[in-house]
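Below are the chains, spelled out letter by letter.
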Amino acid sequence: MYNSYNYAVGLAGFTIAMKHVELVLLKQRPKRVCVRAVERKKHDDEKPLSNGNGAQNGRSTPVNGWHDAEPREEPDVTWTEAVRYLCDPRGITYDFGATAFKAPEWREVNNRPSFLLSTACQMVLRIIMLDCFQTFMQSIPGTTIGTPQGGSIYIDGVSASLRYVISTCISISMGSAIYCGMDTMHHVFTLLSVGFFGQDPIEHPPLFWAPLKGTSLHQLWGRRWHPLFRQEFTALGWAAGRAVMGQLGGLLGVFLLSGLLHDVGIWGMGKGTDPWRIIGFFYLQGVGIALEGVWKKIMKRNVGGIWGRLWTWSWMIATSHLVIEAWLQRGIAGNTIFLSDDFRPILRLRNYVISHITMLSR
């Protein structure tokens, strides 16, 4: 029932190992930065930006809600600093991540209560959406993907076309569930960090940037999907691959390492590994981005627009069957993720409707 947590443990263990190797290979330790919070709008309205001579009244002017990051000295090597580094995978408070791309902020970072309320509401919405997708997968007849034992996304006894339609719906639902689950966890950590430990809201930007609006694989994986492992993939996968095969090798190296990370997560569930399908899926994402590079060289323009979005999600959905089949055969969709079955609103609603339909049909 809780075996999905072992998957998370496998991911965490491999991530920590990557961070250790990354730190060993660095020429100098990461430097902490202080990302100052923006001033409240009311305070900005009350004080003029200029003193009449073109100089600011001792205040920094935020750009898109962000202040410039100020480098500090290298942090002391302590257990506290080690834990802080591990708990900041995007490097928001370190020099390597402070200037990296961040998803646009939609919450009011000037107002802590408003920020916390917006985050909490979004977290509840994501939990309900996750319950919807999980309940859907657990309600499909003819398959056991919704059980802790797992099952195949390909249902026997139906036509080939219908079988692929069903497997596609399952793949989309599982991908959406992963998105909702990761976003929920991010909101939980944000609420704890900002609400209980007093961290600055500006240090917790959104994890995703509207993935459904991706118009190319490069944009989807480079900016719209979460960047939690970006530093490790770049420092290890890109560097190693580039040393062997140049730019193309670096690209494929990133996705090869990503596939290995997720395959180790499956191993943590105690049900073996599945490198051909899990690593294969991520490797194919690198191949797809390489094809976009070929398109750019030939057509002299980037992949984008409506046709770019169609290409992106056609490739994603077609290749996702590999990894989704591997995951669901190990029972991820049938495990408890955030709420037990007794507290899942959509599942309880489904059971209520089914029970009443059964009673009325008697």
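The rules we used
- Residues numbered from 1 in each chain as written.
- Predicted model: local features only at pLDDT ≥ 70, side-chain atom pairs only at ≥ 80, totals over all residues.
- Heavy atoms only, no water.
- Helix = DSSP H or I, 4+ residues; strand = E, 2+ residues; numbered from the N terminus.
- Buried < 20%, exposed > 50% of the residue type's maximum accessible area, 1.4 Å probe, protein only.
- Contact = heavy atoms within 4.5 Å.
- Areas by Shrake-Rupley, 256 points an atom, 1.4 Å probe, with all protein chains shown as cover.
- pLDDT = per-residue confidence, 0-100.
- Phe/Tyr/Trp six-rings, centres within 6.5 Å; stacked < 30°, edge-to-face > 60°.

**Digging into the overall build of the protein chain**
Helix and strand content of the protein chain: 11 helices and 2 strands. Listing each helix as α and each strand as β along the protein chain from the N terminus yields α-β-α-β-α-α-α-α-α-α-α-α-α. Counting all 362 residues of the protein chain, 42% fall into the buried class. Counting contacts in the protein chain only where the partners sit at least 6 residues apart, residues at least 24 apart contribute 74% of the total. About 19900 Å² of surface is accessible on the protein chain, with carbon and sulfur atoms providing 65% of the total.

**Digging into the confidence of the model for the protein chain**
Note that predicted coordinates carrying low pLDDT should not be read in detail. For the protein chain, mean pLDDT is 86; residues scoring 70 or higher make up 88% of the total. Note on residues 37-46: pLDDT under 50 across the span, and 20 contacts to partners over four residues away in sequence or across chains. Segment residues 48-71: pLDDT under 50, and 45 contacts once partners within four positions in sequence are set aside and those in other chains are kept.

**Topic: the packing of aromatic side chains**
Per the counting criterion, the structure on display carries 11 aromatic pairs. Pairing Phe101 with Trp209 gives two aromatic rings, centres 5.4 Å apart and planes at 50°, and the pair type is tilted. Here Trp209 lies in the loop between α6 (160-196) and α7 (217-224) and Phe101 lies in the loop between α4 (95-98) and α5 (112-138), a separation of 108 residues in the sequence. A relative accessible area of 26% places Phe101 in the partly exposed class. Judged by centre distance (4.8 Å) and plane angle (70°), the ring pair of Tyr179 and Phe208 falls under edge-to-face.

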